[in-house]
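Structural characterization, general
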Amino acid sequence: MKIIVIGGGASGMAAALTAARKGAQVCILEKQPRVGRKLLATGNGRCNLTNTNLSIEHYHGQDADFAKAALTRFDTEKTLEFFNNLGLITTCENSGRVYPLSDQAGSVLDVLRLALDEKGVEVRTECEVTAIKKEKNGFAVMLNDGMMKADKVIVCCGGMACGKLGGTQSGYELLKSMGHTMTKLYPVLVQVKTDTTFIRALKGVRADARVVVEAGGKVIAESQGEVQFTETGVSGPAVFEVSRAISTSKQQAVIRFDLLRDLDLQQTIQLLKKRRNLMPNQTTENFLTGILHNRLGRTVLRYAGYGFTDYIKDLKNTDIELIAAAIKNFETKVSGVAGFENAQVTAGGISTADFNPETMESRLVKGLYAAGEVLDIDGDCGGYNLQWAWASGITAAENACKL
């Protein structure tokens, strides 16, 4: 059996290797100069390949339950076994995030490439697929430099996110040309743009914070962890986790940071009163030194309406309460998110209603399969999107190999 896998990303390589192990003759068609370019960038170059806290609650789409069958069949334990059998040693953080022990995404890509080579999978790079045509006994796949035929085709082109590393619309267009429908696309796991009145001065500062997003008077997302301030807004893992809600919201949002998330408001007030007693003759410029990053502390003071030249001993209890409230609710208006070029993942995609969740086969075109980000399934930050890539790609390949 001849199987063509369109796309050499995570789902494509997993699908190709699985099909080859099943005895199929497999060819990967990848339009980039090399396979797995986006994989190298995941997890800040560390490759967060899965998460031990796997559940369907971490997935989104018009029908997120579509992902349940593949994720149940090929769960975190199966993923770890899959990569262990390829020779990859992994390590798990307390958060449940799993990384290669080498801390290098290249290790994940290398074991996949070597396995594909061992199984004789043909990999054609800089090869763009322009059309797929269903024939009586299979498919004709039109290329920028010719044509290939296959018994089955698995579309693993990924989504729009991170165009410089392979993000593309081609998978959507190919599947739409075969009669499939597509939902609206949104950039997610992406930096958030905000009002820069207080944020601009914090470029490069990192903080551990609780993050709450409100829109229409309701909390629409929250997370906690590392926040990175940028010239135009905020980034970092905790921000990525709420970026989907911001990107897809139809209402103006605000984002709030609790910069001392381990203390409640009263504990924060008591901490600041103690500091007032410890350093009465210092100026307010130094009031939050040692509690927050120096630039962040000064910015919070400005946000609360205070300058830097008054003496700390002159701060009244009401002043202390205002500064504590600013620390616990450092708020800024959201103006949007960075675009697809900066996003790690695309929300939305080809409608899953057109595919069988048990097999990943199209309900419209027999022998045509799809996996990964090209479908309308996206996961939270933390290895969930790669877990979906492995699970859906392998599920598609296992079923494509059946006669």
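First things first, this report covers the structure right here in the doc. What you see is a predicted model, and the numbers here were worked out from it, not measured in a lab. (Residues numbered from 1 in each chain as written. Predicted model: local features only at pLDDT ≥ 70, side-chain atom pairs only at ≥ 80, totals over all residues. Heavy atoms only, no water.)

**Some details on the overall build of the protein chain**
Stated formally: Each helix is a run of H or I in the DSSP string that is no shorter than four residues. Each strand is a run of E no shorter than two, and both are numbered from the N terminus. Each residue is placed in one exposure class: buried if its accessible area under a 1.4 Å probe, protein chains only, is under 20% of its type's maximum, exposed if it is over 50%, and partly exposed if it falls in between. When checking whether two residues touch, look at their non-hydrogen atoms; a contact exists if any pair is within 4.5 Å. Per-residue accessibility takes into account occlusion by the displayed protein chains alone, with areas from the Shrake-Rupley method and a 1.4 Å probe. Positive charges are assigned to Lys and Arg, negative charges to Asp and Glu, while His and the chain termini are left out of the count. For this purpose, a charge sits on NZ of Lys, CZ of Arg, CG of Asp or CD of Glu.
The secondary structure content of the protein chain amounts to eleven helices and 21 strands. For the protein chain, the spread of C-alpha atoms along the principal axes amounts to about 85 × 40 × 35 Å. Every one of the 403 residues in the protein chain was classed for burial, and the buried ones make up 54%. Taking as baseline every contact in the protein chain between residues at least 6 positions apart, the subset at least 24 positions apart corresponds to 72%. Working note: accessible area of the protein chain is about 17,600 Å², and carbon and sulfur atoms make up 46% of it. Each charge class in the protein chain was averaged separately, 47 positive and 44 negative side chains, and the resulting centres sit 2 Å apart.

**Some points on the packing of helix α1 (residues 10–21) against helix α5 (residues 105–118)**
Rule in force here: The angle between two axes is taken between their N-to-C directions and runs from 0 to 180 degrees, where each axis is a line fitted to C-alpha atoms and a helix contributes only its stretch in contact. Crossings are sorted by hand: turned counterclockwise from the far helix by less than a right angle, the near helix makes the crossing left-handed, and turned clockwise it makes it right-handed. Residues are grouped as follows: Ala, Val, Leu, Ile, Met, Phe, Trp, Tyr, Cys and Pro are nonpolar; Asp, Glu, Lys and Arg are charged; every other residue, Gly included, is polar.
Contact pair α1 / α5: the axes reach a minimum separation of 10 Å and the direction vectors enclose 35°. Considering how the two elements wind past one another, α1 and α5 form a crossing that is left-handed. Residues M13, A16 and L17 of α1 pack against L109, L112, A115 and L116 of α5. For the contact of α1 with α5, a count of residues per class yields seven nonpolar, no polar and no charged.

**Here we look at the sheet that holds strand β8 (residues 129–135)**
Put simply, the rule reads: Any two strands with at least two DSSP bridges between them are considered paired.
Read across the open sheet, the three strands follow the order β8-β9-β10; overall the sheet is antiparallel. Looking along the sheet, the strands with just one partner apiece sit at the ends: β8 and β10 (146–150). When the angles between neighbouring strand axes are averaged without regard to direction, this sheet yields 20°. As paired elements, strand β9 (residues 138–143) and β10 share five bridges and run antiparallel to each other. For V141, the partnering residue across the bridge sits in β10 and is M148.

**A look at the sheet that holds strand β15 (residues 218–229)**
Strand order in the closed barrel formed by six strands is β13-β16-β15-β14-β17-β18, with antiparallel pairing between adjacent strands. Ignoring strand direction, the axes of neighbouring strands in this sheet form an average angle of 45°. Relative to strand β18 (residues 330–337), strand β17 (residues 253–258) runs antiparallel, the two sharing four bridges. Across the sheet, I255 pairs through a bridge with T332, a residue of β18. Where helix α9 (residues 294–304) meets the sheet, its contacts fall on β14 (206–215), β15 and β18, and the angle it forms with β18 comes to roughly 100°. Its contacts with the sheet put helix α10 (residues 317–328) on β17 and β18, and the angle it makes with β17 is roughly 115°.

**A short note on the nonpolar core**
Inclusion rule: The set of buried Ala, Val, Leu, Ile, Met, Phe, Trp, Tyr and Cys residues whose side-chain atoms join them within 4.5 Å is what this entry labels a nonpolar core.
Residues L39, F83, I132, I154, W388 and W390 are the most contacted members of the largest nonpolar core, which totals 82 residues. Take this core: its biggest share by element is ten residues, from helix α11 (residues 384–400). With residues up to four places along the chain from it excluded, the contact list for F83 reads L49, L88, V108, V111, L112 and W390. Grouped together as the second largest cluster of nonpolar side chains are 48 residues, A161, V190, V211 and A326 included.

**Details of empty space enclosed by the protein**
Condition: Space inside and on the surface of the protein is sampled on a 1 Å grid over the protein atoms alone, with a cavity defined as a set of points where a 1.4 Å probe fits but cannot get out and a pocket as an open set with protein on both sides within 12 Å along at least 5 of 7 lines; lining residues have an atom within 4 Å of a point. Grid points are joined across faces, edges and corners, and a volume is the space filled by probe spheres set on the points.
Applying the stated criterion to the full structure yields one cavity of 30 Å³ or more. In this structure, the largest cavity encloses a volume near 30 Å³. As for the largest cavity, its lining consists of H60, V188, L189, E241, R244, D378, G379 and D380. For the lining of the largest cavity, the secondary structure elements donating two or more residues are α7 (237–248) and β21 (378–379). Class assignment of the residues belonging to the lining of the largest cavity gives a composition of two nonpolar, two polar and four charged.

**Points about the state of the cysteines**
Where two cysteines share a covalent bond between their sulfur atoms, that bond is called a disulfide. Quick reminder of the rule: Put simply, a disulfide is two cysteine sulfurs that come within 2.5 Å.
Applying the stated rule across the entire model yields zero disulfides. C27 forms no disulfide, and the closest cysteine sulfur to it belongs to C127, at a distance of 7.1 Å. A relative accessible area of 0% places C27 in the buried class. Unpaired in terms of disulfides, C401 finds its nearest cysteine sulfur in C156, a separation of 12 Å. On the accessibility criterion, C401 (18% relative accessible area) is buried.

**Observations regarding the packing of aromatic side chains**
Convention followed: Pairing of aromatic side chains requires ring centres within 6.5 Å, counting the rings of Phe and Tyr and the six-membered ring of Trp. Pairs whose planes differ by under 30 degrees are stacked, by over 60 edge-to-face, and all others tilted. Think of it as a cone above the ring: NZ of Lys or CZ of Arg counts as a charge over the ring if it is within 6 Å of the ring centre and within 35 degrees of the ring normal.
According to the stated counting rule, one finds eight aromatic pairs in the structure shown. On the basis of an interplanar angle of 80° and a centroid distance of 6.0 Å, the ring pair of F74 and F82 is categorised as edge-to-face. When sorted by exposure, F74 lands in the same class as F82, which is buried. A ring pair is formed by F229 and F257, whose centres lie 5.8 Å apart and whose planes are at 65°; its orientation type is edge-to-face. Of this pair, F229 sits in strand β15 while F257 is found in strand β17, placing the two residues 28 residues apart along the sequence. Side by side, F229 and F257 carry an identical accessibility label, which is buried. An aromatic cluster is built from F74, F82, F83 and W390, whose rings are joined through pairwise contacts. Over the face of the ring belonging to Y99 we find R46, whose NZ or CZ atom lies 3.7 Å from the ring centre. Above the face of the Y311 ring, K313 is positioned so that its terminal group lies 5.6 Å from the ring centre.

**Thoughts on the pairing of strand β6 (residues 97–100)**
Every second residue of β6 is oriented toward a common face, with R97 and Y99 on one face and V98 and P100 on the other, all of them buried. As defined by bridge partners, strand β3 (residues 50–51) adjoins β6 across two bridges and the pair is classed as antiparallel. Residue pairing across strands places N51 opposite R97, the latter belonging to β6. Pairing between strand β5 (residues 90–92) and β6: three bridges, direction antiparallel. Opposite C92, over in β6, you have V98 as the bridge partner. Hairpin connection of β5 to β6: four residues between the antiparallel strands, including G96 at a positive phi of 95°.

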